Amino acid sequence: MTSKTAKLSIPQRDNTTMDIDLPVYEGSEGPDVVDVAKLTAQGHFTFDPGFTSTASCESKITYIDGEKGILLHRGYPIEQLAEQSDYLETCYLLLNGELPNADQKREFVDMVTNHTMVHEQIRTFFNGFRRDAHPMAIMCGVVGALSAFYHDSTDISDPYHREVAAFRLIAKMPTIAAMSYKFSIGQPFMYPRNDLDYSANFLHMMFGNPCEPSVISPTIARAMDRIFLLHADHEQNASTSTVRLAGSSQANPFACIAAGIAALWGPSHGGANEAVVKMLDEIGDVSRIDEFVAKAKDKNDPFRLMGFGHRVYKNFDPRAKVMKQAADEVLAELGIQDENLEIAKRLEEIALNDPYFIEKKLYPNVDFYSGIILKALGIPTSMFTVIFAVGRTVGWVAHWNEMIGGSYRIGRPRQLYTGYSARDFVSVEDR
Ligand code: ACO
């Protein structure tokens, strides 16, 4: 993997210089990576707040070229997967490294389908939450609690336990997500229906009721499936890195995924889809776009255009392209006129031609359009980030499994300490 060496010269406090040779690794794609792990033995650390220049692990799952706007899962472009695959097939790909053949796919779908129900006592767990609890708050709690219900898949050293935990998480997330919503509107929980596919079953649990059979529109189910697929993985983002870090302490998988859900919740990450729709509602009319663009550019105003910008993409987020096209298709098929879509398109046009956004390479990200589709599908705004979490579960699990199945050490970053040097304690009378 390496034949090159980087030379680092570090000035010392006694005015000498320390020269250190560092190995340089070549990945199958992407820039070369300098291995700084041995620096600590020489008495130095690197400083990289926000990990802008740090590869935290080696991975074979997903590749992003942020400059070119490329996203590959196990080598397959996201556009091809969104067009030709489906969510569960993409889950198989992410977890196993290859697309399944017909038998493997059937077996995988059956396994997921057989795990859709949650332990009956989990239903009573919901009663501990306030009626108006945000569904993401419920998700953090209930997914973490799964480890109390499924002890038989928490031995992380056993590959079979890890596989069962993966199936359970992928299968039960839609059930728990729909239960969170039903709880918040005071409707009975709906049991999963295993005659429906993954996304249609989710819609049944969200919108069905025990008094009448669910009627699921294939258009809506297909759109839902594509949304799950487009969120399935995105390499070492904040929530996936959180799952890896939690997992590096050998915590059980359910606790690790609950940690990922917590990290996803913030508006800088998965919470952005909810924030986009709130922002579009607030803009309210195309005539007010300039005012909001000016606010976003004002250094003294904390406002940001939600759904714009990305740590890695400095070109169009390829998921946003697919999502935008899907938004057009879904709205046309359902015959919905959405004022927000008009505002979003105009906002995108203005921002993409504005020197501020051009210079800073701020393009629409996946969340910019996903909120509009979710709204058209009848999904309440508070559930947007939950749906992101459902789709992303497979990515979290795939990365966690890759780490646990290989060699890893507990994640333990260091710091640049700028506090007091040692000083003597002063008794309270003398302070
Ligand atoms: N609107 C206006 N200005 C922005 C925006 C925005 N949406 N995003 C970044 N900027 C500006 C910053 O003010 C900063 O300007 P400066 O250099 O003059 O100080 C510059 O662009 C760089 O921004 P950073 O915050 O340093 O970039 P970072 O990579 O740390 O953050 C992030 C990326 C969090 C996504 C940011 O672009 C943002 O807050 N976007 C809005 C929220 C959002 O859409 N999040 C979803 C991300 S995608 C996902 O998680 C699925």
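Small disclaimer: the values here were computed from a predicted structure and weren't measured.

### Structural notes on the nonpolar core
Move 1: Counting 119 residues, the largest nonpolar core has Val143 and Met224 as its most contacted members.
Move 2: Residues contacting valine 143, with those up to four places away along its chain left out, are Leu169, Met173, Ile176, Phe254, Ile257, Ala258 and Ile261.

### Some words on the pairing of strand 5 (residues 70-73)
Side chains on a regular strand alternate between the two faces of the sheet.
Move 1: In this sheet, strand 5 lies alongside strand 4 (residues 62-65) in antiparallel orientation, the contact comprising 4 bridges. The residue bridging isoleucine 64 from the neighbouring strand is leucine 71, located in strand 5.
Move 2: Here strand 4 folds back onto strand 5 in antiparallel fashion, the turn holding 4 residues, of which glycine 69 has a positive phi close to 70°.
Move 3: Note that strand 5 and strand 6 (residues 76-77) share 2 bridges and pair antiparallel. Looking across to strand 6, one finds that histidine 73 is bridged to tyrosine 76.
Move 4: Count of turn residues in the strand 5/strand 6 antiparallel hairpin: 2 residues, of which arginine 74 carries a positive phi of about 50°.

### Points about the site of the ligand
Move 1: Close contacts around the ligand come from 21 residues, with Lys299, Leu305, Gly307, Arg311 and Lys360 the closest.
Move 2: One of the side-chain nitrogen or oxygen atoms of arginine 311 is found 2.8 Å away from an oxygen atom of the ligand.
Move 3: For the ligand, the accessible surface in isolation is 920 Å², of which the surrounding protein chains cover 74%.
Move 4: Classifying every residue of the shell around the ligand gives 10 nonpolar, 6 polar and 5 charged.

### A word on helix 14 (residues 339-352)
Move 1: If you check helix 14, its first and last C-alpha atoms are 20 Å apart, about what 14 residues at 1.5 Å a residue would give, namely 20 Å.
Move 2: Along helix 14, the residues classified as buried are Asn340, Leu341, Ile343, Ala344, Leu347, Glu348, Ile350 and Ala351.
Move 3: In the core, the buried residues of helix 14 are packed alongside helix 11 (272-283), helix 12 (289-297), helix 13 (318-334), helix 15 (355-359) and helix 16 (366-376).

Parameters and conventions
- Residues numbered from 1 in each chain as written.
- Predicted model: local features only at pLDDT ≥ 70, side-chain atom pairs only at ≥ 80, totals over all residues.
- Heavy atoms only, no water.
- Core = buried A, V, L, I, M, F, W, Y, C linked by side-chain atoms within 4.5 Å.
- Buried < 20%, exposed > 50% of the residue type's maximum accessible area, 1.4 Å probe, protein only.
- Contact = heavy atoms within 4.5 Å.
- Pairing = 2+ DSSP bridges.
- Helix = DSSP H or I, 4+ residues; strand = E, 2+ residues; numbered from the N terminus.
- Near = heavy atom within 4 Å.
- Polar contact = N/O pair within 3.5 Å; in protein donor to acceptor, adjacent residues only side chain to side chain.
- Areas by Shrake-Rupley, 256 points an atom, 1.4 Å probe, with all protein chains shown as cover.
- Nonpolar A, V, L, I, M, F, W, Y, C, P; charged D, E, K, R; others polar.
- Expected span 1.5 Å × (residues − 1).

Any functional reading would require information beyond the geometric quantities listed.
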